[in-house]
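Chain and residue survey
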Amino acid sequence: MSATPILSIKDIVKIFRNGSEVKAIDDVSFDVNLNEFICIIGPSGCGKSTLLRIIAGLETATSGQILFQGQPKTQPTSKVTMVFQTFGLLPWKTAVENVELPMEVAGIEKAEAKARADRYLKMVGLGMFENAYPHDCSGGMRQRIGVARALALGPEVLLLDEPFSALDELTAKSLRILLLQIWGDPALPTNNFVMVTHNVEEAVMMADRIIVMSPRPGRVVGELKVPLPRPRFEHLRDPLFFDTVDKLMGMLSSNVEEQM
Amino acid sequence: MAAFAALLATYLLGSYYIGMSVVVDVPYYALLSLGRVAIVYFISLGVGLAFGILAATNKHAERVLVPLFDIGQSVPILGYFPVVLTFLIIAFPHGVGNEIGADFLLFTAMEWDIFFGVVGAVKNIPSSVEEAARGYGFTGSNHLRYVVIPAVLPALLSASVLAWNDGWTFDVASEFVQFANSAGKLTTYSVTGLGSYIQLATQQGHIIVSWYGVLVMGEIIFITNQLIWHQLQNRVATHKPVLATIIRPDLQSPLRLRRRFRRLFGLRIRQVAQTVRVSEQLSTRALAVVFVVVLSVVGFLVYAHLPIRGLQAFVSDITRPGGQLSNVPLYSLFTIGRLFAAYITCVGITLLCAVLAVTKKNFARYFYPLYDLGRSVPYLAVFLPLFVTLHGSLPTGVSQEIASFILLMLAMVWYLLFNVVTAARALPTELIEVSAVFGVKGWKRVTDIILPAVLPAFITGSLLAWGGGWNVVIYSEYVQLAGQSTPYVLPGLGYLLDNAAYVLGDIPLVVFFLFIMSGIVILLERLVWRRLLKRVERFGVEFN
Ligand SMILES: Nc1ncnc2c1ncn2[C@@H]1O[C@H](COP(=O)(O)OP(=O)(O)O)[C@@H](O)[C@H]1O
Ligand SMILES: [Mg+2]
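Criteria and cut-off values
- Residues numbered from 1 in each chain as written.
- Chains lettered and ligands numbered in written order.
- Predicted model: local features only at pLDDT ≥ 70, side-chain atom pairs only at ≥ 80, totals over all residues.
- Heavy atoms only, no water.
- Helix = DSSP H or I, 4+ residues; strand = E, 2+ residues; numbered from the N terminus.
- Buried < 20%, exposed > 50% of the residue type's maximum accessible area, 1.4 Å probe, protein only.
- Contact = heavy atoms within 4.5 Å.
- Areas by Shrake-Rupley, 256 points an atom, 1.4 Å probe, with all protein chains shown as cover.
- Pairing = 2+ DSSP bridges.
- Axes fitted to C-alpha atoms, helices over the stretch in contact; angles between N-to-C directions.
- Buried area = accessible area lost by both parts, 1.4 Å probe.
- Salt bridge = Lys/Arg side-chain N within 4 Å of Asp/Glu carboxyl O.
- Polar contact = N/O pair within 3.5 Å; in protein donor to acceptor, adjacent residues only side chain to side chain.
- Nonpolar A, V, L, I, M, F, W, Y, C, P; charged D, E, K, R; others polar.
- Expected span 1.5 Å × (residues − 1).
- Bend = angle between axes of the 7 residues up to and from the residue.
- Near = heavy atom within 4 Å.
- Parallel < 35°, antiparallel > 145°, perpendicular 65-115°, else oblique.
- Left-handed = near helix turned anticlockwise from the far one by under 90°.
- Disulfide = S-S within 2.5 Å.
- 1 Å grid on protein atoms, 1.4 Å probe; cavity = no way out; pocket = protein on both sides within 12 Å on 5 of 7 lines; lining within 4 Å.
- Points joined across faces, edges and corners; volume = space filled by probe spheres on them.
- Core = buried A, V, L, I, M, F, W, Y, C linked by side-chain atoms within 4.5 Å.
- Phe/Tyr/Trp six-rings, centres within 6.5 Å; stacked < 30°, edge-to-face > 60°.
- Lys NZ or Arg CZ within 6 Å of the ring centre and 35° of its normal.

Quick word on the overall build of chain B
Secondary structure assignment for chain B yields 22 helices and 4 strands. Taking all 544 residues of chain B together, 53% fall into the buried category. For chain B, the share of sequence-separated contacts (at least 6 apart) that also reach a separation of at least 24 residues comes to 78%. Just so you have it, chain B exposes about 24,800 Å², and 67% of that area is on carbon and sulfur atoms.

Quick look at the structure:
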């Protein structure tokens, strides 16, 4: 474990007040260590997306704070970017224009932005589709564009909110492999992933450590270090994989029953 | 309660400041107009529902009805109103023709929105819902009651709000019409109501009284909107913004109709044997028969009832140098320019509101009440008193241009505003979050996120706005006041048409100008708006 975590989530509470009060998150704390792949798992509506959006700076916490490299963070920065559940692509821009936009905004020179966009689109396997519009792309291709866009700025942390839940299983599988490659590639600056999911196998397959949340109001009810060696694809038939899945299942469901 | 208090207060203040004798009958007139608008609304509703459901569920009916209604909505209603009214007055003397004429104008002001709203909504029923309904054995009236009507209701309500407001706006035009004879003597055809009350007051120079009438009419529109339509809309859960795309879907263009005619007349007959083609040909034939019948009836009436000059004289008159025809190109440009100036101003206002709708959280709190208020202004009724008021201190041409500009803006802006603001507010939150995460701010956010996102709604709004504009520009380019030997006019296509209708009484000439005007309307719609819409539609955001 390295000394300072890249990201610290400290005592985050979120209460939505519009008319009635909804307590979405109740005192959540955990660290993301350097080069770690974290999954946050929990039942639907437990505040996973809200937590991720607070980390991204899209939502302000009612109390608590986010420390990024030891400094409090409340605003979006190009050091922490996000991949969206339904891709969040601009339908009126081509693949390459979608990837370029954040760089343009960040003041990166046009030629440099174009070159980088090309490189990242190639990396996600869309070298041939630079000028395609999102509506001409399949769901899998769209999410690849989303990933290229998020990485092109060279962020330190990549946040992913159920990035595969709008995709079919086969497409999801190939994208999981792609993401793990990117995460493990030391040549790329982005090596800290925080991914929200509600898919148990997916979490076990991808994460170093899994944060388990309770139904609303979301609290951290457990943490699981995944003991499987990498690359994980060679171990998907291991008893250890199934044991870990079972254990995580247990942590999730004991909590649900407790609520009922 | 507050509504009635407001009406009572208006009444009392009116009787105090203007005089009891002048306003004493206003409630009676208002009730007459309310009754007229309401009855015609229900007729339009019945016709729209019946034909709309028929057209949406029956292929053959669709082939006949949709093009007919499409042509109907492309012809500016104030353009053919004098023609129809002339027939009706001859056919039904003793004031009955006037009343039918007024009702007819109101009907045409309301019907198209309702019909296309119904057709669009029925066609938009998801096929999974239809399949489920079929699977559970819903047929006939059950299908209608549990699937079609609930599916149509939101669009029907949106269309009804438009229709109701349009009906009131055209009330003033429908209740009071003046024809001049060759000697310049005016004949007035009017039916009793709030609209003719306003007109008469303006004609007689009681400008305060006419403003008072406008105020009462605005209050009625506002109150009925709040009490009836808002309540109904709150009750019918709408999950999506009902954009005007649903009100005026692109179903079938007259251009395709033309192609079908060509095929009918032998230019394109290649396929005869195939049963599908045969049935298509049959319905085309039916359509052709309907057309021929309508045309010959109209033609017969024209020649039987109207003392018109011969066809030859007509042709030579419009083609001779300095005749009516030579004015057409330039005057068309004037009218288009007038519409364009108002349109550009509306665009500016709309874009500002779109940006505010996305960036300011409580924008909707202020926007919708203001929208409701503004939408209640019966702009056609405003025009004449406005012109006369301005005329007091400004030169004639200037005051008429200004009044016309304001009238056109009021006719155009609401379509744009409503569509664009609704679309801006329905912008998926994910897109807004994308711009926040990647730091897209300021002007860049306007040009790269907000504008492209509202573009389809913007174009639909523009299409509707221009349609509305053409309808009222006819009204503003020609003003005839009592005691004035010549009318006040602005050079334009609307003036040419009005002159032909109200001064020359030349029906073929009116029809001729109507063709030109409808041609411009259809060309603009097909070549500009529909084409743009097609191009941007695939870039539209998905509303969920
Ligand atoms: N803007 C909001 N206003 C009010 N309540 C919200 C808002 N966003 C989320 N919530 C509520 O907070 C809870 C957590 O939502 P979310 O974070 O989306 O859950 P998850 O992603 O785990 O499914 C839900 O009950 C949701 O209804
Ligand atoms: Mg979520």
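Considerations on the sheet that holds strand S5 (residues 71-72) of chain A
Residues and elements named next belong to chain A. In spatial order, the strands read S2-S1-S4-S5; together these 4 strands make up an open sheet with antiparallel pairing. For this open sheet the edge positions go to strand S2 (20-32) and S5, each flanked by a neighbour on one side alone. Where strand S1 (residues 7-18) and S2 come together, 9 bridges link them in antiparallel fashion. If you follow isoleucine 12 over to S2, its bridge partner there is valine 28. Contacting S1, S2 and strand S4 (63-68), helix H1 (residues 48-56) runs over the sheet at an angle of about 115 degrees to S1.

A look at the interface of chain B and chain A
By a widespread convention, an interface's size corresponds to the accessible area lost as its parts come together. Each partner contributes to the interface: chain B provides 18 residues, whereas chain A provides 27 residues. Buried area between chain B and chain A, both sides added, is near 1,900 Å², and the carbon and sulfur share of it is 69%. Taken together, the links from chain B to chain A amount to 3 salt bridges. With a closest N to O distance of 2.7 Å, A:Glu104 and B:Lys444 form a salt bridge. For the pair chain B and chain A, the interface holds 6 residue pairs in polar contact (both at pLDDT 80 or more). Broken down by class, the residue content of the side of chain B that touches chain A amounts to 11 nonpolar, 2 polar and 5 charged.

Describing helix H22 (residues 507-537) of chain B
Here H22(B) is 31 residues long and its end C-alpha atoms lie 41 Å apart, about the 45 Å a rise of 1.5 Å per residue gives. Its maximal kink placed at B:Glu525, H22(B) deviates by approximately 35 degrees.

Concerning the environment of A:Asn191
Residues and elements named next belong to chain A. Secondary-structure assignment places asparagine 191 in the loop between helix H5 (169-184) and strand S8 (192-197). On a C-alpha basis, the gap between asparagine 191 and arginine 17 in space is 36 Å, while along the polypeptide they are 174 residues apart. Once you skip the residues sitting within four places of it in the chain, asparagine 191 turns out to touch Asn35, Glu36, Glu156, Ile182, Trp183 and Asp185.

What to know about the site of ligand 1
Residues and elements named next belong to chain A. As a structural note, the neighbourhood of ligand 1 is formed by Phe16, Asn18, Ala24, Ser44, Gly45, Cys46, Gly47, Lys48, Ser49, Thr50 and Arg216. In the environment of ligand 1, an oxygen atom lies 2.9 Å from a nitrogen or oxygen atom belonging to the backbone of lysine 48. Threonine 50 is positioned with one of its side-chain polar atoms (N or O) 2.5 Å from an oxygen atom of ligand 1. Out of a free accessible area of 560 Å², ligand 1 has 67% covered by protein chains. Elements with a minimum of two residues in the shell around ligand 1: S1 and H1.

Brief notes about unusual backbone geometry
Residue and element names in this part refer to chain A. A cis geometry characterises the amide bond from arginine 216 onward to proline 217, with omega recorded as -5 degrees. Along the chain, the position of proline 217 falls in the loop between strand S9 (209-213) and strand S10 (220-225). The peptide bond linking arginine 230 to proline 231 adopts the cis configuration, its omega dihedral lying at -5 degrees. Along the chain, the position of proline 231 falls in the loop between S10 and helix H7 (239-259).

Regarding the packing of helix H3 (residues 110-123) of chain A against helix H4 (residues 139-152) of chain A
All names here are of chain A. Between H3 and H4, the shortest axis-to-axis distance is 9 Å and the interhelical angle comes to 135 degrees. As judged from the angle between their axes, H3 and H4 are oblique. Between H3 and H4 the crossing geometry is right-handed. For the pair H3 and H4, the contacting residues are Arg116, Tyr120, Leu121 and Met123 in the first and Ala148, Leu151 and Ala152 in the second. Here the contact of H3 with H4 is built from residues that sort into 6 nonpolar, no polar and 1 charged.

What about the pairing of S10(A)?
Residues and elements named next belong to chain A. For S9 and S10, the ladder comprises 5 bridges, and the chain directions are antiparallel. Across the sheet, isoleucine 210 pairs through a bridge with leucine 224, a residue of S10. Two successive antiparallel strands, S9 and S10, enclose a turn made up of 6 residues.

Regarding the state of the cysteines
On inspection of all chains with the given rule, the structure shows 0 disulfides over all chains. Here A:Cys46 is not cross-linked by a disulfide; its sulfur's nearest cysteine counterpart is in A:Cys39, at 13 Å. Here B:Cys346 is not cross-linked by a disulfide; its sulfur's nearest cysteine counterpart is in B:Cys353, at 11 Å.

Description of the packing of helix H3 (residues 26-57) of chain B against helix H6 (residues 96-123) of chain B
Axis angle and axis distance: for two packed helices, these are the angle between their axes and the distance between the axes, and together they describe the pair. All names here are of chain B. Between H3 and H6, the least distance of the axes is 7 Å, while the angle of their chain directions is 35 degrees. In this structure, the crossing between H3 and H6 has a hand that is right-handed. The residue makeup of the contact of H3 with H6, split by class, is 20 nonpolar, 4 polar and 5 charged.

Some words on helix H4 (residues 59-74) of chain B
Residues and elements named next belong to chain B. End to end, H4 covers 22 Å across 16 residues, agreeing with the expected 22 Å (1.5 Å per residue, within 8%). Within H4, 12 of the 16 residues are buried, which leaves it mostly tucked inside the rest of the structure. For H4, the full list of buried residues reads Ala61, Glu62, Arg63, Val64, Leu65, Val66, Pro67, Phe69, Asp70, Gly72, Gln73 and Ser74. In this structure asparagine 58 caps H4, since a side-chain oxygen of it lies 2.8 Å from the backbone nitrogen of histidine 60.

Regarding empty space enclosed by the protein
All names here are of chain B. With the rule as written, the count across this model stands at 4 cavities of 30 Å³ or more. Taken as a whole, the second largest cavity spans an internal volume of roughly 310 Å³. Of all the elements in the fold, those that place two or more residues in the lining of the second largest cavity are helix H5 (77-91), strand S1 (176-180), helix H9 (194-203), helix H17 (379-391), helix H20 (442-476), strand S3 (478-479) and helix H21 (493-504). At 3 residues, the largest contribution of residues to the lining of the second largest cavity is made by S1. For the lining of the second largest cavity, a count of residues per class yields 12 nonpolar, 4 polar and 1 charged.

What about the sheet that holds S9(A)?
All names here are of chain A. Reading across from one edge, S6-S7-S8-S3-S9-S10 is the order of the 6 strands in this open sheet, with mixed pairing throughout. In this open sheet, the two edge strands, each paired with only one partner strand, are strand S6 (80-83) and S10. For this sheet the average axis-to-axis angle between neighbouring strands, irrespective of direction, equals 20 degrees. Of the pairings in the sheet, the one linking strand S3 (residues 37-41) to S9 comprises 4 bridges and is parallel in character. Within S9, the position partnered with isoleucine 41 by the bridge is valine 212. Here H4 sits on the sheet in contact with S6 and strand S7 (157-161), set at roughly 175 degrees to S6.

Let's talk about the nonpolar core
Core analysis: the largest hydrophobic core is formed by 241 residues, its most contacted members being A:Leu7, A:Leu51 and A:Ile210. If we skip the residues at most four places from it in the chain, A:Ile210 touches A:Cys39, A:Ile41, A:Ala203, A:Val204, A:Gly222, A:Glu223, A:Leu224, A:Val226 and A:Leu248.

A word on the packing of aromatic side chains
Residues and elements named next belong to chain B. Inspection of every chain in the model, using the stated rule, returns 31 aromatic pairs over all chains. Measuring from centroid to centroid gives 6.3 Å for tyrosine 80 and phenylalanine 104, while their planes differ by 65 degrees, and the two rings are edge-to-face. Of this pair, tyrosine 80 sits in helix H5 while phenylalanine 104 sits in helix H6, placing them 24 residues apart in sequence. Assessed through its relative accessible area of 15%, tyrosine 80 is described here as buried. Residue class for phenylalanine 104 comes out partly exposed when judged on its relative accessible area of 29%. Geometrically, the ring pair formed by phenylalanine 179 and tyrosine 189 is edge-to-face, given 5.6 Å between the ring centres and 75 degrees between the ring planes. Taken together, the residues span a long stretch of sequence, with phenylalanine 179 in strand S1 and tyrosine 189 in strand S2 (residues 186-190) at a distance of 10 residues. On the basis of relative accessibility, which here comes to 13%, the residue phenylalanine 179 falls in the buried class. In this structure, arginine 375 packs its charged tip against the face of tyrosine 415, placed 5.9 Å from the ring centre.

Distances and angles like these do not, on their own, reveal function.
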